[in-house]
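Listed below are the residues making up each chain.
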Amino acid sequence: MRMAARLYSIGFLGSGKMATAMARGLISAGLVRPEDITASATSDTSLNLQRMKGHGVRVTSDNSEVVRRSSVVWIATKPHTVAPVLREISPVVRRDQLFVSVAAGTTLNSLAKNLPEGTKVVRCMPNTPVVVRSGVTVYSRNGTVNGEDKELVEHMLGSVGLGMEMPEHYMDIITGLTGCGPSYMYVMLDALADGGVYAGIPKEIGLRLIAHTMIGAAKMVLENGKHPQELKDDVCSPAGTSIQAIRTLEKAGFRGIVMDAVHAASKRALELSRLDNGETKDVYVKR
Ligand SMILES: NC(=O)C1=CN([C@@H]2O[C@H](COP(=O)(O)OP(=O)(O)OC[C@H]3O[C@@H](n4cnc5c(N)ncnc54)[C@H](OP(=O)(O)O)[C@@H]3O)[C@@H](O)[C@H]2O)C=CC1
Ligand SMILES: O=C(O)[C@@H]1CCC=N1
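Since the structure is predicted, the reported quantities are computational estimates derived from the model, not experimental observations.

(A) Structural detail: the UniProt feature "binding site: NADPH" (unreviewed entry) in the protein chain. Here, UniProt's "binding site: NADPH" (unreviewed entry) annotation points to Asn 63. The topology assignment puts Asn 63 in helix H4 (residues 63-69). What makes Asn 63 buried here is the crowd of 22 C-beta atoms within 10 Å. Leave out the neighbours within four places in its chain, and Asn 63 touches Leu 13, Ser 40, Val 85, Glu 88 and Ile 89.

(B) Summary view of the site of ligand 2. In the vicinity of ligand 2, the residues found are Ala 104, Thr 175, Gly 179 and Cys 180. For the shell around ligand 2, a count of residues per class yields 2 nonpolar, 2 polar and no charged.

(C) Inspection of unusual backbone geometry at higher detail. With a phi close to 60°, Arg 133 is a non-glycine residue in the positive phi region. Mapped onto the secondary structure, Arg 133 falls in the loop between strand E6 (120-125) and strand E7 (135-141). Owing to 15 C-beta atoms within 10 Å, Arg 133 belongs among the partly exposed residues under this scheme.

(D) Structural detail: the UniProt feature "domain: Pyrroline-5-carboxylate reductase dimerisation" (unreviewed entry) in the protein chain. UniProt records the feature "domain: Pyrroline-5-carboxylate reductase dimerisation" (unreviewed entry) at residues 168-272, using the numbering of this structure. Helix makes up 83% of residues 168-272 and strand 0%, whereas the separation of the span's terminal C-alpha atoms amounts to 14 Å.

(E) Summary view of the site of ligand 1. Residues in contact with ligand 1 amount to 29 residues; listed here are only the nearest, Gly 14, Gly 16, Thr 42, Ser 46 and Asn 48. Put simply, the parts of the chain that give the shell around ligand 1 at least two residues each are helix H2 (17-28), helix H3 (47-54) and helix H5 (79-89). By residue class, the composition of the shell around ligand 1 is 13 nonpolar, 14 polar and 2 charged.

(F) Molecular detail of the sheet that holds E6. Ordered by their spatial adjacency, 8 strands build an open sheet running E3-E2-E1-E4-E5-E6-E7-E8, and the pairing between neighbours is mixed. In this open sheet, the two strands that pair with only one neighbour each are strand E3 (58-60) and strand E8 (161-165). Geometrically, the sheet is characterised by an average inter-axis angle of 25° between neighbouring strands, direction not taken into account. Where strand E5 (residues 98-101) and E6 come together, 4 bridges link them in parallel fashion. Bridge assignment links Phe 99 to a residue of E6, and that residue is Val 121. Helix-sheet contacts for helix H7 (residues 148-159) involve E5, E6, E7 and E8, and the interaxial angle to E7 is about 165°.

(G) Focus on helix H8 (residues 171-179). In terms of burial, H8 is a largely internal element, 9 of the 9 residues being buried. Buried within H8 are the following residues: Met 171, Asp 172, Ile 173, Ile 174, Thr 175, Gly 176, Leu 177, Thr 178 and Gly 179. Those residues of H8 that are buried lie in contact with E6, E7, helix H9 (181-199) and helix H13 (254-275).

(H) Seen up close, the domain arrangement of the protein chain. Along its sequence, the protein chain is organised into domain 1 (2-167) and domain 2 (181-268). With centres defined by C-alpha atoms, the gap from domain 1 to domain 2 works out at 33 Å.

Rules and cut-offs
Residues numbered from 1 in each chain as written. Chains lettered and ligands numbered in written order. Predicted model: local features only at pLDDT ≥ 70, side-chain atom pairs only at ≥ 80, totals over all residues. UniProt positions renumbered as here; feature names shortened; annotations may be inferred. Helix = DSSP H or I, 4+ residues; strand = E, 2+ residues; numbered from the N terminus. Buried ≥ 20, exposed ≤ 12 C-beta atoms within 10 Å, placed from the backbone. Contact = placed C-beta atoms within 7 Å. Near = placed C-beta within 6 Å. Nonpolar A, V, L, I, M, F, W, Y, C, P; charged D, E, K, R; others polar. Pairing = 2+ DSSP bridges. Axes fitted to C-alpha atoms, helices over the stretch in contact; angles between N-to-C directions. Domains from an automatic or database assignment.

Here it is, written out as structure tokens:
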């Protein structure tokens, strides 16, 4: 297949949680072989790098080597490290390469500013479930990415879950919604399982049951076209058990708290974007 053939070499600048999740997702989708991936970190002794190596990926502490070996280069360091890393690798960047950044609050403009003029750049916001090919990744691209490269991006992202293009001005909100989203689900899952423990169900059994309940509920929303409110009403019998729990949640302002949580994360992403002037800044560290 033409698309798969183009994906023969993928690089990761940074080998942390997001890079590893994406690399494993792409490998398990069969888009790339582990030995055709090169990943870097700050040093050869990085535990992250050793973990990548454990997945069969070629590893190095030389960022330029990653770029030299790859047709698609993922930028996956923390936001404040992106600019210096891009400036470091700029001398070896080729025009045919595609750069895909996952860094929160790091704009297409600032990515382009630190790369040679005309470099093809995509900014995306994935989430960690790409590792099990059930991720959500929203992306935006600069003017140099079109046609075949857009197809390539969609092919890659589609192979590890849902990939969707959106205008860049949505990206900070998306960060707070789906980029951070899995963490909210895990807190909810753990809290629900603790509810089971409180009532007498062993934690590991509760976690398993609730995780499946989450999958089932999400599938209902995606597959049967009903609004979540209606699906909730289908579960709540008059004077029954569920409505007792829903009343408890509503009295505590559950929905408002969840909305505020998304807003707080999006606001932080926006704050990072505003701080992002292409320089290394320790102001990324929230005081
Ligand atoms: N975690 C998540 O769920 C998501 C994260 N993101 C974005 O992904 C990016 C990475 O986050 P995450 O994976 O969580 O972070 P991690 O801290 O897990 O990983 C960061 C990686 O960058 C490496 N690194 C740091 N400096 C350099 C350098 N100069 N050259 C090469 N590599 C370097 C680190 O090396 P070392 O191993 O030596 O420390 C580490 O491997 C961030 O920009 C974040 O906004 C986006 C969506 C979701
Ligand atoms: O917490 C963070 O900053 C990263 C970006 C989105 C999810 N995790």
